[in-house]
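Here is what each chain is made of, one letter per residue.
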Amino acid sequence: MKIEILLFAVHSDIDHYNQPHIFQTGRTASFFNACFGTSINQVVLHLKGYSIVSVQGMAKTHLQEVLELKKKTSELILKKSEAAALLKISWMYYVNFDDNITSKYCVVCKNWLLSKFCCPGDISSLNELCVLFHAFMTNATKFLKLSDMKFEHWMEQHFQQALTQSSRSMNDNNDNLNPNSNTTDANSNDTSSNDANSNEEGLGPEERNMLVAHSTTASEGSRTEEAQPHNRRKLKTPPSIQFINSVFTSGRIAMAVLKKPHTTRKDKGVP
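On to the overall build of the protein chain, then. Looking only at helices and strands, one finds eight helices and four strands in the protein chain. What you see in the protein chain, going N to C, is helices and strands ordered as β-β-α-α-α-α-β-α-β-α-α-α. Here the protein chain holds 271 residues, and the buried ones make up 23% of them. A separation threshold of at least 6 residues defines the contact pool for the protein chain, and within that pool the share at least 24 residues apart is 61%. When the accessible surface of the protein chain is split by element, carbon and sulfur atoms take 56% of a total near 19800 Å².

Now for the pattern of salt bridges. Under the counting rule described, the total for this entry stands at one salt bridge. Here Lys 88 makes a salt bridge to Glu 82, at a shortest N to O gap of 3.6 Å.

In total, this model carries ten aromatic pairs according to the counting rule given. Note on Phe 31 and Phe 32: the rings are 5.9 Å apart at their centroids and 90° apart in plane angle, and the pair reads as edge-to-face. Aromatic pair Phe 31 and Phe 36: ring centres 5.8 Å apart, planes at 85°, arrangement edge-to-face. Feature note: the residues Tyr 94, Phe 97, Trp 112, Phe 117, Phe 136 and Phe 143 constitute an aromatic cluster, connected by ring pairs.

Grouped together as the largest cluster of nonpolar side chains are 27 residues, with contacts concentrated most on Phe 97, Trp 112 and Phe 143. Elements with a contribution of two residues or more to this core: helix H3 (62–85), helix H4 (97–105), strand S3 (107–110) and helix H5 (126–137). In contact with Phe 143, other than residues within four places in its own chain, are Ile 77, Lys 80, Ser 81, Ala 84, Met 92, Phe 97, Val 107, Val 108, Cys 109 and Phe 136. Counting residues in hydrophobic clusters, the runner-up holds five residues, among them Cys 106, Val 108, Leu 146 and Trp 154.

Counted at 1.5 Å a residue, the expected span for H3 with its 24 residues is 34 Å, and the 35 Å between its end C-alpha atoms agrees. Within H3, burial applies to Val 66, Leu 69, Lys 70, Thr 73, Leu 76, Ile 77, Ser 81, Glu 82, Ala 84 and Ala 85. Each element contacted by the buried residues of H3 is listed here: H4, S3, H5 and strand S4 (142–145). Phi turns positive one or two residues past the end of H3, at Leu 86, with a value near 60°.

What follows deals with the state of the cysteines. A complete count under the given rule lists zero disulfides for this structure. With no disulfide of its own, Cys 118 lies closest to Cys 119 among cysteine sulfurs, the gap being 7.2 Å.

Our focus in this paragraph is the side chain of Lys 48. You can see Lys 48 is positioned in helix H2 (residues 40–59). Filtering out sequence-adjacent residues up to four positions away, Lys 48 remains in contact with Val 10, His 11, Tyr 17 and Pro 20.

Moving on, we come to a nonpolar patch on the surface. On the surface, Ile 3, Ile 5, Leu 7 and Phe 23 cluster together to form a nonpolar patch covering roughly 380 Å² of accessible area. For Ile 5, the location among the structural elements is in the segment before strand S1 (6–9).

Quick look at the environment of Val 95 now. Here Val 95 lies in the loop between H3 and H4. For Val 95 and Val 257, which are 162 residues apart along the polypeptide, the C-alpha to C-alpha distance reads 6.7 Å.

What follows covers the environment of Ala 140. Following the sequence through the fold, Ala 140 ends up in the loop between H5 and S4. In this structure the C-alpha to C-alpha distance between Ala 140 and Leu 113, which are 27 residues apart in sequence, comes to 8.7 Å.

Put simply, H3 and H5 touch, their axes get as near as 10 Å, and they point 30° apart. As summarised for this structure, H3 and H5 are arranged roughly parallel, according to the angle between their axes. In the crossing of H3 with H5, the sense of the turn from one axis to the other is left-handed. Taken together, the residues of H5 that come into contact with H3 (itself represented by His 62, Glu 65, Val 66, Leu 69, Lys 70, Lys 72, Thr 73, Leu 76, Ile 77 and Lys 80) are Leu 126, Leu 129, Cys 130, Leu 132, Phe 133, Phe 136 and Met 137. Of the residues contributing to the contact of H3 with H5, the split by class is eleven nonpolar, two polar and four charged.

Within the protein chain, residue pLDDT values average 74, and 61% of them lie at 70 or more. Put simply, helix H8 (residues 205–236) is where the protein chain has its lowest mean pLDDT, 52, and S4 is where it has its highest, 93.

About the criteria used
Residues numbered from 1 in each chain as written. Predicted model: local features only at pLDDT ≥ 70, side-chain atom pairs only at ≥ 80, totals over all residues. Heavy atoms only, no water. Helix = DSSP H or I, 4+ residues; strand = E, 2+ residues; numbered from the N terminus. Buried < 20%, exposed > 50% of the residue type's maximum accessible area, 1.4 Å probe, protein only. Contact = heavy atoms within 4.5 Å. Areas by Shrake-Rupley, 256 points an atom, 1.4 Å probe, with all protein chains shown as cover. Salt bridge = Lys/Arg side-chain N within 4 Å of Asp/Glu carboxyl O. Phe/Tyr/Trp six-rings, centres within 6.5 Å; stacked < 30°, edge-to-face > 60°. Core = buried A, V, L, I, M, F, W, Y, C linked by side-chain atoms within 4.5 Å. Expected span 1.5 Å × (residues − 1). Disulfide = S-S within 2.5 Å. Patch = residues over 30% accessible without salt bridge, like charges linked within 9 Å, V, L, I, M, F, W, Y side chains within 5 Å. Axes fitted to C-alpha atoms, helices over the stretch in contact; angles between N-to-C directions. Parallel < 35°, antiparallel > 145°, perpendicular 65-115°, else oblique. Left-handed = near helix turned anticlockwise from the far one by under 90°. Nonpolar A, V, L, I, M, F, W, Y, C, P; charged D, E, K, R; others polar. pLDDT = per-residue confidence, 0-100.

Structure below.
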């Protein structure tokens, strides 16, 4: 009497790694191919996966893993920020982080490991999500609460930066509204120089010397008056407001925080 035998063994945990073992007699391989449309090796691999992670783990796709990790990372970041602020934070803001989080809860982010500071929902790479999740889990990336003195200093710098940006936008709008001002000034200077040359033609040598000395003195005085307000404007802008942020990389380098763009004025560029 002839007996057909099929025997295979797999490990059911990740602590012990053993390759699947298969023992079969002659006709068992053709039976699986004819009746199930697959080989014994494929069945053994499926059994191995089922024994380790169960049905849910086998059915999980890459997209499902990304979506699940996005949710877990977002919840973890919100939890860590609330623990640092010692307050309930209703919503975590990544755009305008300094205005919506730091200015309200005195919290900054330290050692952000990714190249861009953004919401986990905007990250599509599974590897980057894993890095960010484990960075917060191990406190490699964390939120810190500023002391009263540091927060006061931060608020002063933040206000100066906002004031500077506002003045720059006003100057840009004025330049757009008066595009021909420089041309008009240049034409007026050319006209005045032509008038002065025509008047000098009817003067004697002594009168010409007096006129040249008077124009030289006036030009030096105008240069001094122009230099004084220019110097005053420089003193009003401290060097510390060139770059102020609330997010820092692992090398203690400030990162650019996304800002919500302001809407363009309807009358911009209209004379």
